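# Chains, contacts and geometry: an overview
Each chain, written out:
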Amino acid sequence: MANETKKPALYLAEYDTPNAIAQAAMKVRDAGYKSWDCHTPYAMHGMDEAMGLKPTRIGVLSFIFGMLGVATAVILIQYTNAFDFDFLSIGAGYPLIVGGKPPGAFPSMVPIMFELGILLCGFATLFGLLGLIKLPMHNHPIFASDRFEAATDDKYFISIEADDQKFDLDRTRALLEATNPTYIELVEQEVL
Amino acid sequence: MTHSNQTDYRVGDDRLWKRAWLAPLGLAVVGFLIAVLTADASRLGYAYLFGLFTTATFMLGALFLVLVQFLTASYWGVSSRRIVEVVMSGAPVVAILALPFIAGVAFEKIDIYQEWQSVSAHGEHAEPDSGDDHASDHEEHGVLGFGSGIAHAQAEGEDHGAHGEAAAHEEGHSHTSQEVALHHEIIEQKSGYLNTAGWVARGLGYLLVWCLLALAYFAWSRRQDQDRDPKHTLRMQSLAAPSLILFAGALTFAAFDWLMSLEAAWFSTIFGVIIFAGSAVSILALTILIGLSLHKRGLVGDYINIEHFHDLSRLMFGFVCFWTYVHFSQWMLIWYAGIPEEATWFMKRWDGGWKFVSYLLIFGHFVAPFLLLISRVQKRALPWLQAMCFWLIFMHIVDIYWFVLPQAGAFHVQLADIGALLFVGGVFFAYVFWRLGNVPLVPVGDPRLQRSHHLHQIY
């Protein structure tokens, strides 16, 4: 089947009902595959468990970067507005008195701490999310399959990608066939 | 977990909740004795206001939570709504407990509002009075006459009086007496709003609004338990928006009248919002605590489970942040303007040992809960969540204490304060817990109950 300019990209299995794909997902999960996905026309409750997806770690990333933003605000304000101190000859700040308040007074820093905290937290969340879900991605071999168009209509698909460590042309096909799909396809990808 | 014989989810024969109302009632008796035996007359007014307002905030938070759930037609909170509704249904108890307070102020037996009461009363007699020997010194007389709560200002006023005209020429004093006159002028200008008759009438109005809303929503929800008719839900939804406007207005102005006017010359427009934010935190913490106990004892089956506690705690976390946001905004604006008449309110919450309480609020009501409740893991660890809810309720009590008691002087927790809180809170929660024992613990007739039951938090 595979000629020299093409290599296997993924197996695609098609199911008719949500129940069938949930049952199949559990089998794939239990077989220990990592690089695979389910494609359904709508969000299905319970698929997280059926696929064995772990909670996202994005919150940890957001929190760390939020706190980094807070720390940045404190350091920046204190350095530039509170002390006459030249760190590694990068230029000294200047003790700034605004409204008769002491230079670098804590209350005046809070809005900046809040804003920078939120800003970096937002950046970390957005770009962390894009990184984790691997976007932007300009193309994916799965779109080579004509049947896959029904994933946005009325069919349910499982794809197991060839870069999965457990991927094997024969054994993976056998596993998918055991889940009673209505159709099964090896999608190929052009090498050159 | 679910007892098969409990189809309508009632407290029934549960050992704890059947008699739970006796505990707060006992505390109320103890609190009453403590307050009566230990309090001097000048403290009792502040102590009672503290106890009353702390208790009222639980009821107000509950009223808000019920109304806002109908406003948004949400289903996540339906299964835990009955707990909130029962707390809300204690509104008449708050009203009854508020009546002696309002009467005390009306007949000037409670002197905590003397600062403006004396000015507005003075104002009534202030018009040209032929019998007054000092008619020509009228303005000055006004300065001396008002019963200021500020010892400093009073001392200056007396000083001024002793020296008569001469004092005005003394450099050191003239500035201060100008301030005193200004202070007085502000209060006098407010007397159209801040006068005893208006205060009493508005106070009764707030209580009436809360009682009407609370009793109506509770009655409709109870009726739905029996007839399971979705039309009750639709009616409650369509009335939620105007009800919330009434509720918010009453809460804001109650905060102005009862708490903010303790410092008659001081003003802050966000004041009511701060009280509201604290109320929301307290009712969410209380709902989680009661819900956890009912859940643990198997009284609500699976209707209130970890998914609901997670949602409630998220909202609570949000309101902890919101409380901080509005509290800080108010303080920061006053701090950077640095105008004496505004800063005085905060000076009273800083000097005389109150600094510690202010710091306790910053760290205990924000920093600690923020770090200890931010993660999903923390919110879903129920014993942890339970401890945090107890802590936040304690901090809410400290918050209201910080609003009221600095007006009475230096930081010194008196038995009377605790007694008054135990008495008012005890009577209120005795009623609430007794009520809880007599109604289904979930709104069994609500059309959204099943959806709420199957609530599931996706990551």
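## Focus: the overall build of chain B
- When helices and strands are tallied, chain B shows 20 helices and zero strands.
- Sorting the 459 residues of chain B into buried and exposed places 43% on the buried side.
- Restricting the contact set of chain B to residue pairs at least 6 apart, pairs at least 24 apart contribute 84%.

## Quick notes on the overall build of chain A
- Helix and strand content of chain A: five helices and four strands.
- Listed N to C, the secondary structure of chain A is β-α-β-α-α-α-β-α-β in terms of helices and strands.
- Against the globule reference of 16 Å for 192 residues, chain A gives a C-alpha radius of gyration of 26 Å, more extended than a compact globule.
- Summarising its shape, the C-alpha atoms of chain A cover approximately 75 × 40 × 30 Å along the three principal directions.

## Quick word on the domain arrangement of chain B
Residues and elements named next belong to chain B.
- Annotation of chain B at the domain level lists domain 1 (19–90 + 195–453) and domain 2 (114–126 + 135–189).
- Taken together, the contact pairs eight residues of domain 1 with nine residues of domain 2.
- The class makeup of the residues in the side of domain 1 that touches domain 2 is three nonpolar, four polar and one charged.

## Regarding helix 5 (residues 169–177) of chain A
Residue and element names in this part refer to chain A.
- Within helix 5 the residues assigned to the buried category are Thr172, Leu175 and Leu176. End-on, the buried residues of helix 5 take up no more than an arc of 95°, which puts them together on one face. For helix 5, the exposed residues set more than 90 degrees away from the buried face come down to Asp170, Arg171, Ala174 and Glu177.
- In this structure, the buried residues of helix 5 make contact with strand 1 (6–15), helix 1 (18–30), strand 3 (156–161) and strand 4 (183–190).

## Side note on the sheet that holds strand 3 of chain A
Residue and element names in this part refer to chain A.
- Ordered in space as 2-3-1-4, the four strands form an open sheet in which the pairing is antiparallel. Edge positions in the sheet fall to strand 2 (36–39) and strand 4, since each has one partner strand and no second. Going from strand to strand, the sheet's axes swing by 25° on average, the running direction of each strand aside.
- Pairing of strand 1 with strand 4 involves eight bridges; the strand directions are antiparallel. The residue of strand 4 that forms the bridge with Ala13 is Ile184.
- Running over the sheet, helix 1 touches strand 1, strand 2 and strand 3 and is turned about 20° from strand 3.
- Contacting strand 1, strand 3 and strand 4, helix 5 crosses the sheet at an angle of about 10° to strand 1.

## A look at the interface of chain A and chain B
- Between chain A and chain B, the contact holds 11 residues from the first and 11 residues from the second.
- Along the lines of polarity and charge, the residues of the side of chain A that touches chain B split into four nonpolar, five polar and two charged.

## Side note on the packing of helix 12 (residues 230–259) of chain B against helix 13 (residues 271–296) of chain B
All names here are of chain B.
- Close contact between helix 12 and helix 13 brings their axes to 8 Å; oriented N to C, the two are set at 110°. Classified by the angle between their axes, helix 12 and helix 13 sit roughly perpendicular to one another. The two elements helix 12 and helix 13 cross, and the hand of that crossing is right-handed. For the pair helix 12 and helix 13, contact is made by Leu251, Thr252, Ala255 and Phe256 and by Phe271, Gly272, Ile275 and Phe276, respectively.
- Class assignment for the residues of the contact of helix 12 with helix 13 results in six nonpolar, two polar and no charged.

## Let's talk about helix 3 (residues 41–71) of chain B
All names here are of chain B.
- Over its 31 residues, helix 3 extends 44 Å from the first C-alpha to the last, a length consistent with the 45 Å expected when each residue adds 1.5 Å.
- Among the 31 residues of helix 3, 27 are classified as buried, and the element is accordingly described as predominantly covered.
- Looking one or two places after helix 3, you find Ala73, whose phi comes out positive at around 50°.

## Concerning the nonpolar core
- The biggest cluster of nonpolar side chains holds 127 residues, and the ones touching the most others in it are Phe50, Leu63, Val87, Met88 and Val404 of chain B.
- With 19 residues, the top contributor of residues to this core is helix 3 of chain B.
- Each of domain 1 (19–90 + 195–453) and domain 2 (114–126 + 135–189) of chain B gives at least three residues to this core.
- Setting aside residues no more than four positions away along its own chain, Val404 of chain B makes contact with Tyr46, Leu49, Phe50, Phe53, Leu259 and Leu262 of chain B.
- Counting residues in each nonpolar core, the second largest holds 21 residues, with Ala9, Tyr156, Leu176 and Val187 of chain A among its members.

## Notes on unusual backbone geometry
- Cis geometry is found at the peptide bond from Leu135 of chain A to Pro136 of chain A, where omega equals 0°.
- Position of Pro136 of chain A among the secondary structure elements: in the loop between helix 4 (106–132) and strand 3.
- Its identity as a non-glycine residue notwithstanding, Ala73 of chain B has a phi of 50°, on the positive side.
- Tracing the backbone through its elements, the reader meets Ala73 of chain B in the loop between helix 3 and helix 4 (81–88).
- Classification of Ala73 of chain B by C-beta neighbours within 10 Å gives exposed; the count is 12.

Cut-offs applied
- Residues numbered from 1 in each chain as written.
- Chains lettered and ligands numbered in written order.
- Predicted model: local features only at pLDDT ≥ 70, side-chain atom pairs only at ≥ 80, totals over all residues.
- Helix = DSSP H or I, 4+ residues; strand = E, 2+ residues; numbered from the N terminus.
- Buried ≥ 20, exposed ≤ 12 C-beta atoms within 10 Å, placed from the backbone.
- Contact = placed C-beta atoms within 7 Å.
- Rg over C-alpha atoms; globule rule 2.2 N^0.38 Å.
- Domains from an automatic or database assignment.
- Nonpolar A, V, L, I, M, F, W, Y, C, P; charged D, E, K, R; others polar.
- Arc of directions from axis to C-beta.
- Pairing = 2+ DSSP bridges.
- Axes fitted to C-alpha atoms, helices over the stretch in contact; angles between N-to-C directions.
- Parallel < 35°, antiparallel > 145°, perpendicular 65-115°, else oblique.
- Left-handed = near helix turned anticlockwise from the far one by under 90°.
- Expected span 1.5 Å × (residues − 1).
- Core = buried A, V, L, I, M, F, W, Y, C linked by C-beta atoms within 7 Å.

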